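Residue strings, one per chain:
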Amino acid sequence: MGSLAITGEEMFQMSFEDFQKQTSLMTSCTLLWKELSDHFTSLEQDLKKKSEAIKEKIQSLDHTTKETLDVLTKREVTIEGNVEIALGKVEERKEAALIAFEKGGEEELDGNEGNLLVKLKSFCTKMDSGNFWKFVITRKKELDVLRVQIPLALSDCIDPAKFVLEAISEVFPVDKREVKSEKTNDLGWACVLLLESLIPVVADPVLGNSRPLVTPTMKERAKEIANVWKESLDQRGGIENVKTPDVHTFLQHLVTFGIVSKEDANLYRKLVLGSAWRKQMPKLAVSLGLGDKMADMIEELISKGQQVDAVHFTYEVGLVDKFPPVPLLKAYLKDSKKAATSIMEDPNNAGKAAHLAGRKEQSALRAVIKCIEEYKLEAEFPPEGLKKRLEQLEKAKVDKKKPVVVPANKRTRANNGGPMPPAKAGRLTNAAYVSSFPAAAPTFIRSPSHGPYPAGVPHYPYDRATAPAMYGNRSPPCVRDPYAYSPEESSPPMLNPSYPGPALNYPAYGGYGNGLPMYQQTYYR
């Protein structure tokens with residue numbers, strides 16, 4: 001019986017252990033099933049998302065393909081009409097050019113020199129690109145007027161694209177001038193002006209600026225010019241050292257003639273970032289096909305401390321939500337303040353540190369205020385405090401320029417012990433005295449003990465407690481007709497009248513001399 005009980009107990013124990021094993025196995029299978037179920041659910045969701053993305057891309061591709069086909073169809077349909085329009089314009093311009101050549105220079109002689117448009121049209125009609133270029137580069141002060149009138153004048157050219165390329169060929173793609181001057185060294189503004197003015201002239205009547213009506217010959221020539229410029233980059237010091245006007249001209253040349261190359265996108269990106277402070281750069285960047293790279297370019301500008309430039313780029317491509325402008329402008333002001341402080345602490349600029357620091361801060365304030373006004377950010381960033389700070393800096397700069405009052409009796413003459421004029425008083429020579437004041441009869445300043453100033457003497461322009469006088473706080477010599485000098489009357493009290501000093505001889509004042517000795521004048525205006 002005992003053995004049977006033991007056998008039954010053992011059997012029960014074995015059954016229980018087997019049951020636990022089965023339970024553990026079921027738990028493991030359940031967990032494994034759950035993991036597999038979650039995995040397949042995740043795969044299903046990923047496949048669904050990818051399928052939806054593919055569908056969206058297919059729809060977008062279909063839409064783009066349809067638009068492209070519509071544009072191609074429209075181009076094909078409009079080619080014949082555009083050719084007829086172009087031929088008609090060429091015929092009209094040809095007749096106008098023949099008439100102009102027959103008249104010779106009569107039109108220029110009869111026309112008013114102030115009539116800028118007539119002059120410009122005269123050059124364009126005759127395809128005289130050389131004289132047209134010379135005429136334009138001497139009128140930089142009339143830039144706003146030229147922007148309006150040059151496109152009108154270029155419309156009279158038989159081949160506007162050829163005319164512009166020949167006009168700027170003196171300095172682009174390579175500067176061919178033998179003689180340069182500081183005044184005419186930078187002519188990039190004129191090149192950009194002509195290239196910008198050419199855009200509306202060669203624009204397709206139907207498709208607009210997206211298809212410039214440029215002959216294949218001129219387009220190929222424009223490509224060759226662009227290649228020459230790129231090859232000359234090494235001679236200009238590389239991308240990092242090339243001048244901004246040259247960069248602007250090159251990029252505008254590409255956009256105007258529609259010869260942007262996708263292979264050169266990286267080059268365009270570097271050139272744009274190197275000259276990002278130029279106002280036209282954001283628009284040029286979009287026209288160069290850099291729209292999809294703009295976010296990275298904005299981040300690079302911010303990292304370089306060019307937050308104001310970054311704001312202009314954000315507004316151009318509509319990334320204001322991603323790059324809020326107000327924090328960028330505040331960060332720019334903070335950085336400029338730090339830069340100004342570092343300038344003040346630099347021992348190498350001890351002499352002009354305050355001037356450089358003030359100029360740095362003023363420049364930053366003006367840029368931020370202009371940006372706020374341009375993009376209507378007054379509600380988010382009131383500019384009143386910035387304007388007040390700018391006024392304080394400008395006032396401090398003006399105050400530093402005011403003359404300093406010269407202390408009295410600090411300098412004495414070596415020859416007779418008499419008082420010496422202030423250090424910055426005009427030094428007279430045998431040549432005629434050149435004054436910065438308006439020409440007028442000399443007016444002598446009399447001592448307060450001799451009565452008030454003459455009525456003809458205007459007030460001194462600066463608000464000062466005392467004005468610099470030739471004789472410090474001493475009374476100047478009493479001047480009497482006929483310009484006689486009396487030592488007894490004018491000797492300072494501190495001097496001994498019996499001192500046998502030599503007589504003071506003063507040269508004649510600016511042509512007013514009559515042969516008699518005269519005194520050096522100090523007068524106010």
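Before reading further, recall that the structure is shown in the block above.
Rules used throughout
Residues numbered from 1 in each chain as written. Predicted model: local features only at pLDDT ≥ 70, side-chain atom pairs only at ≥ 80, totals over all residues. Heavy atoms only, no water. Helix = DSSP H or I, 4+ residues; strand = E, 2+ residues; numbered from the N terminus. Buried < 20%, exposed > 50% of the residue type's maximum accessible area, 1.4 Å probe, protein only. Areas by Shrake-Rupley, 256 points an atom, 1.4 Å probe, with all protein chains shown as cover. Contact = heavy atoms within 4.5 Å. Disulfide = S-S within 2.5 Å. Salt bridge = Lys/Arg side-chain N within 4 Å of Asp/Glu carboxyl O. Phe/Tyr/Trp six-rings, centres within 6.5 Å; stacked < 30°, edge-to-face > 60°. Lys NZ or Arg CZ within 6 Å of the ring centre and 35° of its normal. Core = buried A, V, L, I, M, F, W, Y, C linked by side-chain atoms within 4.5 Å. Domains from an automatic or database assignment. Pairing = 2+ DSSP bridges. Axes fitted to C-alpha atoms, helices over the stretch in contact; angles between N-to-C directions. Parallel < 35°, antiparallel > 145°, perpendicular 65-115°, else oblique. Left-handed = near helix turned anticlockwise from the far one by under 90°. Nonpolar A, V, L, I, M, F, W, Y, C, P; charged D, E, K, R; others polar. Expected span 1.5 Å × (residues − 1).

Run through the overall build of the protein chain, naming residues and quoting values.
Within the protein chain one finds 17 helices and two strands. Across the 525 residues of the protein chain, 30% fall into the buried class. Put simply, the protein chain shows about 34400 Å² of open surface, and 55% of that area lies on carbon and sulfur atoms.

Would you mind going over the environment of V192 in detail, with residue names and values included?
On the secondary structure map, V192 appears in helix α7 (residues 188-202). Taking the relative accessible area as the measure of exposure, V192 reaches 5% and is therefore buried. Placed 24 residues apart in sequence, V192 and I168 show a C-alpha to C-alpha distance of 9.4 Å. In contact with V192, not counting residues within four places along its chain, are H248, T249 and Q252.

Would you mind going over the state of the cysteines in detail, with residue names and values included?
Per the stated rule, a full pass over the model turns up zero disulfides. C124 carries a free sulfur, and the closest cysteine sulfur to it, the one in C157, is 3.8 Å from it. On the basis of relative accessibility, which here comes to 0%, the residue C124 falls in the buried class. C157 sits in the buried class, given a relative accessible area of 0%.

Outline unusual backbone geometry, supporting the account with residue identities and numerical values.
With an omega of 10 degrees, the peptide bond running from F172 to P173 counts as cis. Here P173 shows up in the loop between α6 (160-168) and α7. Despite not being glycine, M127 has its phi angle at roughly 55 degrees, a positive value. Within the element layout of this structure, M127 appears in the loop between α3 (116-125) and α4 (129-137).

Residue-level account of the pattern of salt bridges, with values.
In this structure the tally under the stated criterion is eleven salt bridges. The residue K283 makes a salt bridge to E316 at a minimum N-O spacing of 3.7 Å. Linking K283 in helix α11 (residues 281-287) with E316 in helix α13 (residues 307-317), this pair joins segments that are 33 residues apart in sequence. Measuring nitrogen to oxygen at the nearest pair gives 3.4 Å for the salt bridge that ties E300 to K304. Judged by its relative accessible area of 26%, E300 is partly exposed. You can call K304 partly exposed: its relative accessible area is 48%. Overlapping salt bridges, with partners in common, bring together R269, E300 and K304 in one network.

Before we move on, can you summarise the packing of aromatic side chains with the specific residues and values?
Under the definition given, this model contains four aromatic pairs. In this structure, R139 packs its charged tip against the face of F135, placed 3.8 Å from the ring centre. Over the face of the ring belonging to F381 we find K330, whose NZ or CZ atom lies 5.4 Å from the ring centre.

Which residues make up the nonpolar core, and what values go with them?
In terms of nonpolar packing, the biggest core is built from 84 residues, with L251 and F313 touching the most fellow members. When we break this core down by domain, the ones giving at least three residues each are domain 2 (112-177 + 184-259) and domain 3 (324-400). Sequence-distant contacts of F313, defined by excluding residues within four places in its chain, comprise V272, A276, M281, P282, A285, M294, M297, I298 and L301.

Any chance you could break down the pairing of strand β2 (residues 208-212) for me, citing the residues and the numbers?
For strand β1 (residues 203-204) and β2, the ladder comprises two bridges, and the chain directions are antiparallel. Bridge pairing in β2 links A203 to P212. Where β1 hands over to β2, the hairpin turn is made up of three residues, counted between the paired strands.

So, the packing of α3 against α4: which residues are in play, and what are the values?
Running from amino to carboxyl end, α3 crosses α4 at an angle of 155 degrees, the nearest separation of the two axes being 8 Å. Relative to α4, the element α3 lies roughly antiparallel. Seen from above, α3 lies across α4 with left-handed handedness. Each of L116, K119, L120, F123 and C124 in α3 lies in contact with α4, whose residues at this interface are N131, F132, F135 and V136. Looking at the contact of α3 with α4, its residues break down into seven nonpolar, one polar and one charged.

With reference to specific residues and values, describe the side chain of S275.
Of note, S275 is situated in the loop between α10 (265-274) and α11. Ignoring anything within four residues of it in the chain, the contact list for S275 reads T244, V247 and M281.

Lay out helix α9 (residues 244-257) with the relevant residues and their values.
Helical periodicity: at 3.6 residues per turn, an α-helix aligns residues three or four positions apart in one direction. Relative to the 20 Å expected for 14 residues at 1.5 Å per residue, α9 spans 20 Å between its end C-alpha atoms, a close match to the ideal helical length. Across the 14 residues of α9, twelve count as buried, placing the element largely inside the fold. Considered for burial, the residues of α9 that qualify are T244, P245, V247, H248, T249, F250, L251, Q252, H253, L254, T256 and F257. Buried residues belonging to α9 abut α6, α7, β2, α8 (216-231), α10 and α11. Positioned one or two residues after α9, G258 has a phi angle of 65 degrees, which is positive.

Distances and angles like these do not, on their own, reveal function.
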